[in-house]
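# Close look at the chain arrangement
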Amino acid sequence: MKAAVIYENGSPDVLRYEDVADPECPDGCVLIDVEAISIEGGDVLARAGSPPQSVPHIVGYLAAGTIVAVGAGVSDRAVGDRIVTLNSAGSHASKRAVPAMSTWPIPDGLDAAAAACVPVAFGTAEECLFTAGHLEAGQTVLIHAGAGGVGMAAIQLAKHAGVTVISTASSDGKLERLRELGLDHGINYARESFAARTRELTDGRGADVILDSIGGQNLVDSIGALAYRGSLVSVGVAARAGSNIEARDLWAKNNTLHGVFLGGALLAEYPRVHAMIADLIARVGSGELRVVIDRTFPLTDAAAAHEYIESRKAFGRVVMTP
């Protein structure tokens, strides 16, 4: 099969498009012909800084396609089924084998590319807003990086839950486009303080929940935008840097800080999280929620696709097709 592989960590140009051996289909697994690959933030981080245990190594969490083989012990998947697959590696390829328990059926009529983009982005947003943040109708949420995959999902989920949605982005153009997804108030972080603007928009109260996928100083500054008993939810840490948060800064307004990692939740709470992701895929399939795809690259141009994501020019998801 064809795959985009790495032999070492580094910039996007370490990705090489090569012939590699077809994967086997062990017991409990399914093998798919890949139709669409969603490039996740974790894929970019893995390529850049997670040493591969063996080479050539195929990075990538998410791919959707059609089952061509089923391993022994699998009873709820069959050859010909269209599914989304999630695993810690292996998506950047024309074929992929994963445990059947890490797959979800694709609803009739839903495009494979859109389906591939759902589990991590929408699942993470759901966990951040409602499981960790306990967001409720009538409250206010501040979502950082609204033009990213998790941000766009969070805006829609919050709006459908009856929440006032504030979001940050790097340009007025991006913020304007986010309004069609449910954004109420946009903050261009390049030219104004998001903490001060959030307090202004909420008559000094602050946001009940803040979703931060940036980390670093942005996470620290978010404390100043929280309401009394507000929840600050940290996920992803795109800045790849820790935050020097002083616990006492949370005390005055009885605030809380939550960390979210969808992969850990899926392992520890499999029945709940797997069902939650299935529901999100169904909601996208019904048209209630939208996946916005910015660009589609051929797998041969995996390096260019990763470079485009790192340029921060994308509005929505970047996908690849074998």
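You'll find the structure just up there.
Cut-offs and rules
Residues numbered from 1 in each chain as written. Predicted model: local features only at pLDDT ≥ 70, side-chain atom pairs only at ≥ 80, totals over all residues. Heavy atoms only, no water. Helix = DSSP H or I, 4+ residues; strand = E, 2+ residues; numbered from the N terminus. Phe/Tyr/Trp six-rings, centres within 6.5 Å; stacked < 30°, edge-to-face > 60°. Buried < 20%, exposed > 50% of the residue type's maximum accessible area, 1.4 Å probe, protein only. Lys NZ or Arg CZ within 6 Å of the ring centre and 35° of its normal. Core = buried A, V, L, I, M, F, W, Y, C linked by side-chain atoms within 4.5 Å. Contact = heavy atoms within 4.5 Å. Pairing = 2+ DSSP bridges. Axes fitted to C-alpha atoms, helices over the stretch in contact; angles between N-to-C directions. Parallel < 35°, antiparallel > 145°, perpendicular 65-115°, else oblique. Left-handed = near helix turned anticlockwise from the far one by under 90°. Nonpolar A, V, L, I, M, F, W, Y, C, P; charged D, E, K, R; others polar. Salt bridge = Lys/Arg side-chain N within 4 Å of Asp/Glu carboxyl O. 1 Å grid on protein atoms, 1.4 Å probe; cavity = no way out; pocket = protein on both sides within 12 Å on 5 of 7 lines; lining within 4 Å. Points joined across faces, edges and corners; volume = space filled by probe spheres on them. Disulfide = S-S within 2.5 Å. Expected span 1.5 Å × (residues − 1).

All right, on to unusual backbone geometry then. At the junction of V55 and P56, the peptide bond is cis and its omega measures out at 0 degrees in the coordinates. Of note, H134 is a non-glycine position whose phi angle comes to about 50 degrees, a positive value. Along the chain, H134 falls in the loop between helix 3 (118-132) and strand 9 (140-143). The residue R229 is not glycine, and still its phi comes out positive at about 55 degrees.

Another aspect to go through is the packing of aromatic side chains. Across all of its chains, the model carries one aromatic pair by this definition. A ring pair is formed by F297 and Y308, whose centres lie 5.9 Å apart and whose planes are at 50 degrees; its orientation type is tilted. Highlighted residues: F297 in strand 15 (residues 293-298) and Y308 in helix 11 (residues 302-310), separated in sequence by 11 residues. A residue is classified by how much of its surface remains accessible, and Y308, at 14% relative accessible area, is buried. Directly above the ring of F315 sits R177, whose terminal nitrogen or CZ lies 3.9 Å from the centroid. In this arrangement the basic side chain of R295 is found over the ring face of Y308, its NZ or CZ atom lying 4.8 Å from the centre.

As a further point, take the nonpolar core. Among the nonpolar cores identified, the biggest contains 58 residues, and F122, L129, V141 and L178 are the most heavily contacted of them. For this core, the leading source of residues is helix 3, giving eight residues. In this view, L178 contacts G146, A147, M152, I155, S167, L183 and F315; residues no more than four positions away in its chain are not counted. V34, I37, V59 and Y308 belong to the second largest nonpolar core, which has 25 residues in total.

Another point: the sheet that holds strand 2 (residues 16-19). As summarised here, the arrangement of the three strands in space is 2-1-4, forming an open sheet in which the pairing is antiparallel. Both edges of this open sheet fall to strand 2 and strand 4 (57-58), since each of them pairs with a single strand only. One ladder, built from two bridges, connects strand 1 (residues 2-6) with strand 4; its direction is antiparallel. Each bridged residue has a counterpart across the sheet, and for I6 the counterpart in strand 4 is H57.

To continue, consider the packing of helix 3 against helix 10 (residues 270-286). One can describe the packing of helix 3 onto helix 10 by two numbers: an axis separation of 9 Å at closest approach and a directional angle of 115 degrees. Of the possible angle classes, the one that applies to helix 3 and helix 10 is roughly perpendicular. Relative to helix 10, helix 3 is oriented so that their crossing is right-handed. Between helix 3 and helix 10, the contacting residues are V118, P119, F122, G123, E126, E127 and T131 on the first element and R272, M276, I277, L280, I281, R283 and V284 on the second. When the residues that make up the contact of helix 3 with helix 10 are grouped by side-chain class, the tally is eight nonpolar, two polar and four charged.

If you walk through the whole model with that rule in mind, you get 15 salt bridges. For R77, the salt bridge goes to D76, with nearest N and O atoms at 3.9 Å. The salt bridge involving R191 is made with D172; its shortest N-O contact spans 2.8 Å. Highlighted residues: R191 in the loop between strand 11 (185-188) and helix 6 (194-201) and D172 in helix 5 (residues 172-178), separated in sequence by 19 residues. A cluster of three or more residues bridged by salt bridges with shared partners is formed by E127, E269 and R272.

A separate point is empty space enclosed by the protein. In this structure the tally under the stated criterion is one cavity of 30 Å³ or more. Volume-wise, the largest cavity comes out at about 50 Å³. Taken together, C117, F122, G149, M152, A153, Q156, R290, V291, V292 and R317 make up the lining of the largest cavity. The dominant element in the lining of the largest cavity, judged by the number of residues it contributes, is helix 4 (residues 149-160), at four residues.

Using the criterion set out here, one finds zero disulfides in the structure. Just so you know, C25 is unpaired, no disulfide at all, and the nearest cysteine sulfur is the one on C29, 6.1 Å from it. Relative accessible area serves as the criterion here: at 24%, C25 is assigned to the partly exposed category. Exposure remark for C29: the relative accessible area of 11% places this residue in the buried category.

Looking now at helix 10. Helix length check: helix 10, at 17 residues, gives a terminal C-alpha distance of 24 Å against a target of 24 Å (1.5 Å per residue), a fit within 8%. Within the sequence span of helix 10, burial applies to V273, H274, M276, I277, L280, I281, R283 and V284. Taken together, the buried residues of helix 10 touch strand 6 (82-86), strand 8 (103-105), helix 3, helix 4 and helix 9 (262-268). Following helix 10 by one or two positions, G287 has its phi on the positive side, about 90 degrees.

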